[in-house]
Amino acid sequence: MAAQHSLAESASVGLLGRRGQWPLIIGFLVLMAVGIATVWLVITSRAQNQWVAHTFEVQTRTTSLLNALQQAETAQRGYLLVGGDIYARTYRSGRDATLRNLAEIRKLTTDNAEQQRRIDAVEPIVAARLADLEQIMTFAESDRLIDAVARVRSNEGKRLMDDVRRRLGAILRVEARLLDQRSTRARNSAYALLGVTLVGLSLIVLIAFLAYRSLRRYTQAIVAASDELKVLNTDLEGRVAERTADLTAANEEIQRYAYIVSHDLRAPLVNIMGFTSELKAVRSDIAAFRQAAIEKAPELDTKESRILIEEDLAEAIGFISTSTAKMDRLINAILKISREGGRVLTPERVDMTALAENAAQAIHHQAGDATITVEPLPSLVSDRLALEQIFGNLIENAVKYLDASRPGEIVVSGIERGGVSEYAVADNGRGIAPGDHERVFDLFRRSGTQDRPGEGIGLAHVRALVRRLGGTITVTSEFGVGSTFTVTLPKTLLSEGGRG
Amino acid sequence: MNPNPVTIVMIEDDAGHARLIEKNVRRAGVCNEIKHFADGTSALAHLQAADVRAAGPVLILLDLNLPDMSGVDILAKLKADEKMRRSPVIVLTTTDDKTEIQRCYDLGANVYITKPVDYENFANAIRQLGLFLSVMQVPETE
């Protein structure tokens, strides 16, 4: 009882353990979500940082544009004042840088229609200023300084320059505003990333803890269950040994019982038989006495007294004798079977073909013109005496219950099948009615026409022997056609000592 | 003939068996005195009494299935007794178990007779026993 209870308990522990894994699974799912969010945030943050960098670039380019234009203006004035290649070169590099920066800005701000419009607006002014400067430079290079100075004095250049400055300033302001927005967004993304990463980290710690605890509990449950199983196993072995001992004891008890009963039944039977014999002798004496009396006094002879002494008494004594004789045979049969159960089996290698042939030879004189064929049989390691009795009985039965209307044919065959050998004793005799197939194995039970001597012991004895050898016996039979008794026996009989 | 007729001590709990044995012994022409005991205790008491021991060996017919003790125990006691061990013992019982027969002979039983239910055989066995008794020389006591 206790063992069964704990078995159920360990089963429920297993279920609890499985249920305990759910938080763990949810934890892993959350962790996965955190991971995905982190990746997404990293990508977003990177994009936003790129935008910030982009804005810086636009700002730098814009400033560079203005600087380049101013460089061109300054160099051109220097050239006017002192002339020389250096100013001319500086002017040209400023002019080229101006154009380069402008193109760059235009390219950078393709995403922003507003800025594009502003660039569209500033571009002709820059171009005009550059054309103005170019004109002055052309005058100066061709020694028309007066025209050049006049051009400068016109203040057209200053007006254009102011306009460019104002417009570029507007572009820069817009970019500054954009930078502000984009920086904020990038910062927020960074904070979010940090937050999510922190959450993920703490979740990892938490899940690691949960996993550890769950694993620990699970392992403990397994260890406990395995310990319990070990105890149960040991217990089971003990219990099997106990039951086997009980069974052996019960079996011995039955055998002792059969033995004692048959002995104690025999004692009164000795009296009945003995005194019946005495009665028989007395009856003979009385009959003789009557005869003598009649010879001397014939008038004493009556029919009644003759019937009483010669018939009734003789008949009664006869019935008592035959009944007690039969009872004695039955008791001997029980005794024989109970003794057989107590005999120690000694396994040895047995040549079954030779054994069956010997059995057939022994019965030969009873067989008449019937043929007994023994096919090659698989050998066994078993108890020789028991096997001799089994096959002797089966072959004798086959001969005994042949059908007089046809020549008898008895075939003993055998095959190996896994760990067992199967032997069949088949005849073409009178067969057994379907309802009697099981009954023929019962003690004192017989089947069919009762025209053969016997007490109904043979097959009961055979079955008891087959069972002792660890085998089974079955019969297939058709009434009026024949019977086949099949004996299945283990190839190797464990010795008695080996069982316990 | 035997100048000192031997007493036959029959230890048999079944009155019918006792009667049948006696009848057949007598029928065989043996007329020695037969003392009948129905249980082991009284039989042992008789056999161990001083006067019986002094009178010398007796012939014992012993049944193995007794109500108060096993005939085998009685046999063992008799054969352990310095004087009684010379008394021949005939075991008469329903048991025809080989190991039991062997045990009785080992303990010193002289003859072992199975009571057959077949009366003719039984009567023959007893008659032969009677013949055996009539020719048997019981050793004289000193």
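Residues numbered from 1 in each chain as written. Chains lettered and ligands numbered in written order. Predicted model: local features only at pLDDT ≥ 70, side-chain atom pairs only at ≥ 80, totals over all residues.

**Quick look at the overall build of chain B**
And then number 1: A count of helical and extended segments in chain B gives six helices and five strands.
And then number 2: The linear arrangement of helices and strands in chain B, starting from the amino end, is β-α-β-α-α-β-α-β-α-β-α.
And then number 3: For chain B, the residues scored as buried account for 33% of the 142 residues in total.
And then number 4: A separation threshold of at least 6 residues defines the contact pool for chain B, and within that pool the share at least 24 residues apart is 70%. (Helix = DSSP H or I, 4+ residues; strand = E, 2+ residues; numbered from the N terminus. Buried ≥ 20, exposed ≤ 12 C-beta atoms within 10 Å, placed from the backbone. Contact = placed C-beta atoms within 7 Å.)

**With respect to the overall build of chain A**
And then number 1: Looking only at helices and strands, chain A has 11 helices and seven strands in total.
And then number 2: Residue burial in chain A is summarised as follows: out of 500 residues, 21% are buried.
And then number 3: In chain A, once contacts between residues fewer than 6 apart in sequence are set aside, the share between residues at least 24 apart is 74%.

**Regarding the nonpolar core**
Residues and elements named next belong to chain A.
And then number 1: In terms of nonpolar packing, the biggest core is built from 33 residues, with Ala 356, Ile 390, Phe 391, Leu 394, Ile 395 and Ala 398 touching the most fellow members.
And then number 2: Elements represented by at least two residues in this core include exactly helix 8 (352-367), strand 2 (371-374), helix 9 (384-400), strand 4 (409-417), strand 5 (420-427), helix 10 (458-468) and strand 7 (482-490).
And then number 3: With eight residues, helix 9 is the single largest residue contributor to this core.
And then number 4: If near-sequence neighbours (up to four positions away) are discounted, Phe 391 is found in contact with Leu 355, Ala 356 and Ala 359. (Core = buried A, V, L, I, M, F, W, Y, C linked by C-beta atoms within 7 Å.)

**Here we look at unusual backbone geometry**
For residues besides glycine, phi is generally negative; the peptide bonds are generally trans as well.
Residue and element names in this part refer to chain A.
And then number 1: Although it is not a glycine, Asp 143 adopts a positive phi angle of roughly 55°.
And then number 2: Checked against the element boundaries, Asp 143 lands in the loop between helix 4 (113-141) and helix 5 (145-153).
And then number 3: Judged by C-beta crowding, with 10 C-beta atoms within 10 Å, Asp 143 ranks as exposed.
And then number 4: At Asn 155, a residue that is not glycine, the phi angle is positive and equals roughly 65°.
And then number 5: For Asn 155, the location among the structural elements is in the loop between helix 5 and helix 6 (156-296).
And then number 6: Among the residues examined, Asn 155 registers 11 C-beta atoms within 10 Å and is labelled exposed.

**Some thoughts on the interface of chain B and chain A**
And then number 1: If you look at the interface, chain B gives 10 residues, while chain A gives 12 residues.
And then number 2: Elements with a minimum of two residues in the side of chain B that touches chain A: helix 1 (15-27) and helix 6 (119-135) of chain B.
And then number 3: Along the lines of polarity and charge, the residues of the side of chain B that touches chain A split into four nonpolar, four polar and two charged. (Nonpolar A, V, L, I, M, F, W, Y, C, P; charged D, E, K, R; others polar.)

**Things to note about the packing of helix 3 (residues 85-108) of chain A against helix 4 of chain A**
When two helices pack together, their arrangement is given by the angle between their axes and by how far apart the axes lie.
Residue and element names in this part refer to chain A.
And then number 1: Relative to each other, helix 3 and helix 4 sit at 170°, their axes nearing to 11 Å. It follows that helix 3 is roughly antiparallel to helix 4 by the angle criterion. Listed contacts from helix 4 to Tyr 91, Arg 95, Thr 98, Leu 102, Ile 105 and Arg 106 of helix 3 are Ile 119, Glu 123, Val 126, Leu 130 and Met 137.
And then number 2: Split into classes, the residues belonging to the contact of helix 3 with helix 4 amount to seven nonpolar, one polar and three charged. (Axes fitted to C-alpha atoms, helices over the stretch in contact; angles between N-to-C directions. Parallel < 35°, antiparallel > 145°, perpendicular 65-115°, else oblique.)

**Concerning helix 10 of chain A**
Residues and elements named next belong to chain A.
And then number 1: Among the residues making up helix 10, those that are buried are Gly 458, Leu 459, Val 462, Arg 463, Leu 465 and Val 466. Down the axis, helix 10 shows its buried residues gathered within 165° of arc, on one side only.
And then number 2: As for helix 10, its buried residues are in contact with helix 7 (303-342), helix 9, strand 6 (472-478) and strand 7.
And then number 3: Gly 470, located one to two residues past helix 10, shows a positive phi value of around 80°. (Arc of directions from axis to C-beta.)

**Some remarks on the sheet that holds strand 7 of chain A**
Residue and element names in this part refer to chain A.
And then number 1: Across the sheet, which stays open at both edges, the five strands sit in the order 2-4-5-7-6 with mixed pairing between neighbours. Edge positions in the sheet fall to strand 2 and strand 6, since each of these pairs with one other strand and no more. Here the average twist between neighbouring strands, direction ignored, is 15°.
And then number 2: Here eight bridges tie strand 4 to strand 5, and the two strands are oriented antiparallel to one another. Counterpart to Val 412 in the pairing with strand 5 is Val 425.
And then number 3: The sheet strands contacting helix 8 are strand 2 and strand 4, and the helix crosses strand 2 at an angle near 175°. (Pairing = 2+ DSSP bridges.)

**Quick notes on the sheet that holds strand 2 (residues 34-37) of chain B**
All names here are of chain B.
And then number 1: Spatially, five strands are ordered 2-1-3-4-5 in an open sheet, and the strand pairing comes out parallel. The open sheet has two free edges, formed respectively by strand 2 and strand 5 (111-114), since each of these has just one partner strand. Taken over all neighbouring pairs, the strand axes of this sheet differ in orientation by 20° on average, direction set aside.
And then number 2: When strand 3 (residues 59-62) meets strand 4 (residues 89-93), the two strands line up parallel, connected through three bridges. Looking across to strand 4, one finds that Leu 62 is bridged to Val 91.
And then number 3: Most of the contacts of helix 2 (residues 40-47) go to strand 1 (residues 8-11), to which it runs at about 160°, and overall it touches strand 1 and strand 2.

**As for the pairing of strand 5 of chain B**
All names here are of chain B.
And then number 1: Bridge count for strand 4 against strand 5 is four bridges, and the pairing is parallel. By the bridge assignment for strand 5, Ile 90 is matched with Val 111.
And then number 2: With helix 5 (residues 98-107) bridging strand 4 and the parallel strand 5, this β-α-β connection has right-handed handedness. (Right-handed = clockwise from strand over helix to strand, strands pointing away.)

**A word on the environment of Arg406(A)**
And then number 1: By secondary structure assignment, the location of Arg406(A) is in the loop between helix 9 and strand 4.
And then number 2: Arg406(A) sits 23 residues away from Gly429(A) along the chain, and the two C-alpha atoms are 8.4 Å apart.

**Considerations on the confidence of the model for chain B**
And then number 1: Averaged over all residues, the pLDDT of chain B equals 79, while 80% of them reach at least 70.
And then number 2: Complex prediction metrics read pTM 0.50 and ipTM 0.75. (pLDDT = per-residue confidence, 0-100.)

**Focus on the confidence of the model for chain A**
One rule of thumb: low pLDDT means the predicted coordinates there are not for detailed reading.
And then number 1: Looking at chain A, pLDDT values average 85 and 95% of them are 70 or higher.
And then number 2: In the model, residues 1-16 of chain A has pLDDT below 50 throughout and makes 10 contacts with residues more than four positions away in sequence or in other chains.

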